[in-house]
Amino acid sequence: SRLATMLRLFAPLTGFRIAQRGVRCFSSLQTVSSGRRQRVDEVVAPNTPRILITGSLGQLGSELVKVLRAQHGVDNVIASDVRKPKGNILGAGPFVYADVLNYNQLESLIVDFRITQVVHFSALLSAVGERNVQRALQVNVDGFHNIIELAKHHGLRVLSPSTIGAFGPSTPRDNTPDLTIQRPTTIYGVSKVHMELLGEYYCKRFGVDFRSLRYPGIISGQQEAGGGTTDYAVDVFHAAMQTGKFTCFLSENTRLPMMYLPDCLAATARFLEVDDNVLRHRTYNLQAISFTPEELFAEVRKHVPNLEITYAPDYRQAIADTWPRSLDDQGARADWAWRHEYGLDNMVTAMIEFLLPRYGAQHLSEEWKKRAVDLQQ
């Protein structure tokens, strides 16, 4: 037709392409880290995943961006958030504004960047969600609705993490299995159960490749904690090395499942790429270690001998009391060979070592002070 002929003539300028039947329009250009524009066709190798990460400025997202870029190439992992990144937190590579509540904008990103997989981190965590229930419903529920609908329409693989907060007081608290009663008592937990079940429904009903991991508390020195009930296990390292004193918002005997960030990143990256045929579940438990504040602080005191601890449980204690003390993650270990590397002792050592350049060794043991001097020389 005359219209088709004109479109073919102007295709290099407009971004239109002519399909065998009809016309479809998409941008064949992308922004790469150098700031210039390239055709997607020129930078994407066959079968290379194109991954969009929402909420990529959070504790987990910012580090997973780096891991996946090392695996799949800098320009094949698109970081996104609703905030501007500070400094070089994400390293080289594309970053875009993405509001998970804006369906049309998300779809534009998916089409423009030829996205094949989404890692959906955008969420309000447990303690923050309890302070702003309406906002938690919008971000955690409505945001996931947009992601899963787009996955259905565009054939995307979606990894949307869940949490130990998806369990409740009627859940078996020790060695909690993958499949059990949940009934959480926080809006964060309720929204995650909704996400798990809706994702499983979309998998069975529409064939969406949905997958989820129930994260335990994640311990990381890369960023400040983000408002979760397990964050005392991050905060104590900063306080111990800065002041030698820490006030804990959970009681000394509150046992919770935990994991060091490198183990979490390794598990997430592996789970994202594992073949769909080996998955017996759409959602798996994940755990490395389980400890109480008292046990953690005893280990920290091996490095900070004069650490002073005060216990002042607050509203987060009631949340923690409804969560599992440990998780059974044998499903993940059997189905896709999940293994952790960090226990309590080497995790604490790794955290101290990571934070040493930032805080120095003023409150640390003599051994650490000697190491700090050696590092400066």
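Residues numbered from 1 in each chain as written. Predicted model: local features only at pLDDT ≥ 70, side-chain atom pairs only at ≥ 80, totals over all residues. Heavy atoms only, no water.

**Examining the side chain of Gln-59**
What counts here: Each helix corresponds to a stretch of at least 4 residues labelled H or I by DSSP, and each strand to a stretch of at least 2 residues labelled E; elements are numbered beginning at the N terminus. Categorising residues by exposure relies on relative accessible area from a 1.4 Å probe, with only protein chains included: less than 20% of the type maximum marks a residue as buried, more than 50% marks it as exposed, and the intermediate range marks it as partly exposed. Should any heavy atoms of two residues lie within 4.5 Å, those residues are considered in contact.
Residue position: Gln-59 is located in the loop between β5 (51–54) and α3 (61–72). Among the residues examined, Gln-59 registers a relative accessible area of 17% and is labelled buried. Setting aside anything within four residues of it in sequence, one finds Gln-59 in contact with Ile-218, Ser-220, Gln-223 and Val-234.

**Observations regarding the sheet that holds strand β12 (residues 217–219)**
Across a sheet, paired strands are connected by hydrogen bonds in the backbone, their directions being either parallel or antiparallel. Formally: Two strands make a pair as long as DSSP finds a minimum of two bridges between them. What counts as an axis is a line fitted to C-alpha atoms, over the stretch in contact for a helix, and the angles between N-to-C directions run from 0 to 180 degrees.
The mixed open sheet is built from 3 strands, whose spatial order is β12-β14-β16. Each having just a single partner strand, β12 and β16 (289–291) make up the two edges of the open sheet. Direction aside, the axes of adjacent strands within the sheet are offset by 40° on average. Against the sheet, helix α8 (residues 232–242) contacts β12, β14 (256–260) and β16, and its axis sits at roughly 25° relative to β12.

**Focus on the packing of α3 against helix α9 (residues 261–273)**
Test applied: The cut-offs work like this: below 35 degrees is roughly parallel, past 145 is roughly antiparallel, 65 to 115 is roughly perpendicular, and the gaps in between are oblique. In this scheme the crossing of two helices becomes right-handed for a clockwise turn of the near helix relative to the far one and left-handed for an anticlockwise turn of less than a right angle. Only Asp, Glu, Lys and Arg are considered charged in this grouping, and only Ala, Val, Leu, Ile, Met, Phe, Trp, Tyr, Cys and Pro are considered nonpolar; every other residue, Gly among them, is considered polar.
One can describe the packing of α3 onto α9 by two numbers: an axis separation of 10 Å at closest approach and a directional angle of 50°. Here α9 runs oblique to α3, going by the angle between their axes. As α3 packs across α9, the resulting crossing turns out to be right-handed. Mapping the contact onto sequence places Glu-63, Leu-64, Val-67, Leu-68 and Gln-71 in α3 and Leu-261, Leu-265, Thr-268, Ala-269, Leu-272 and Glu-273 in α9. When grouped by side-chain class, the residues that make up the contact of α3 with α9 number 7 nonpolar, 2 polar and 2 charged.

Such coordinate-based values are descriptive only and should not be taken to indicate function.
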